[in-house]
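Summary of structural features
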Amino acid sequence: MAPVYGNSEFAKNKLSSHIMVSFRTETEIDVGKHHRVEEHLASSTDYIRSHSSEPCEDGWTAHDGNCYFFSSEMQTWFVSCLSCGALDAHLVIIETEKEQVFLRSQIKVYHWIGLNDLDTEGRWVWVSNQTLEETGLQFWLKRESGQNEPDNWKGEDSSGENCAITRILDHWSDVPCKRNFNFICEKKQISTFMHDD
């Protein structure tokens, strides 16, 4: 079994090329073999149509080359990381304003994102080890009072607020990692299907 990536047309062309090359001699393809190739290609095309996959698995939402899972259960940040890992994904890493707007449009409650400052207070790092300075993108809540996020408030947890959530109003906040929130998992969108060689 070998994976073929992409859409059905790409797979059909790739498969056609593979079949034609495997039957081609250095001079020419005899008519009998050519017909067998065409028959095999026709049956393979039917297989491709019947086995083409959606861009994301059931329960996931596709957007801009990624698949997103919006949990309905609430967990700590750490357990959420493990849950995403069990799904071959990671807590969401927000890389563009367009992605932030999309995520906000999908949620009605707070959700964990893959951002924390657990190692060094004030040095926010994505689960990919990329810092906010490297991405250049931040959506921290700004209040009229001037008390903006992240604020590392220690009223609820003496260790402070070291993990981030995305809020329903297009902003991020730092909160204690041990609190329970819904979470967003993310993984790359890959359409694959398998065929027999």
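Residues numbered from 1 in each chain as written. Predicted model: local features only at pLDDT ≥ 70, side-chain atom pairs only at ≥ 80, totals over all residues. Heavy atoms only, no water.

Below, the discussion takes up the overall build of the chain. When helices and strands are counted, the chain shows five helices and 10 strands. When the 197 residues of the chain are sorted by exposure, 40% land in the buried category. Pairs at least 24 apart in sequence give 68% of the contacts found in the chain among residues at least 6 apart. Surface accessibility of the chain: about 11,600 Å² in total, with carbon and sulfur atoms responsible for 50%. (Helix = DSSP H or I, 4+ residues; strand = E, 2+ residues; numbered from the N terminus. Buried < 20%, exposed > 50% of the residue type's maximum accessible area, 1.4 Å probe, protein only. Contact = heavy atoms within 4.5 Å. Areas by Shrake-Rupley, 256 points an atom, 1.4 Å probe, with all protein chains shown as cover.)

All right, on to the state of the cysteines then. Applying the stated criterion to the full structure yields three disulfides. Note on cysteine connectivity: C56 is disulfide-linked to C67, with sulfurs 2.0 Å apart. With the S-S bond torsion at -90°, the cross-link from C56 to C67 turns out left-handed. Of this pair, C56 sits in the loop between α2 (31-51) and β2 (61-63) while C67 sits in strand β3 (residues 66-70), and the two are 11 residues apart along the sequence. Accessibility classification places C56 together with C67 in one group, the buried group. Here C163 connects covalently by a disulfide to C177, the sulfurs 1.9 Å from one another. In this structure, the disulfide formed by C163 and C177 twists by about 90° around the S-S bond and is classed as right-handed. With C163 in strand β7 (residues 163-166) and C177 in the loop between β8 (172-175) and β9 (182-188), this residue pair connects regions lying 14 residues apart in the sequence. The connectivity of the disulfide-linked cysteines in the chain, indexed sequentially, is 1-2, 3-6, 4-5. (Disulfide = S-S within 2.5 Å.)

With that out of the way, let us pick up the packing of aromatic side chains. Under the counting rule described, the total for this entry stands at 12 aromatic pairs. An aromatic cluster is built from W124, W126, F139, W140 and W172, whose rings are joined through pairwise contacts. Stacked on the ring of W60, the Lys or Arg K187 has its end atom at 4.5 Å from the ring centre. (Phe/Tyr/Trp six-rings, centres within 6.5 Å; stacked < 30°, edge-to-face > 60°. Lys NZ or Arg CZ within 6 Å of the ring centre and 35° of its normal.)

With that settled, consider unusual backbone geometry. For the bond running from E149 to P150, omega is -5°, close enough to zero to count as cis. With respect to the secondary-structure elements, P150 resides in the loop between α5 (132-135) and β7. Look at D64: it is not a glycine, yet its phi comes out positive at around 50°. Looking at where D64 falls in the secondary structure, it is placed in the loop between β2 and β3.

Residue position: N182 is located in strand β9. Residue classification places N182 among the buried residues on the basis of a relative accessible area of 7%. Engagement of the side chain of N182 in a polar contact is seen with the backbone oxygen of S71, the distance being 2.9 Å. In this view, N182 contacts S71, S72, E73, M74, V109, Y110, H111 and W112; residues no more than four positions away in its chain are not counted. (Polar contact = N/O pair within 3.5 Å; in protein donor to acceptor, adjacent residues only side chain to side chain.)

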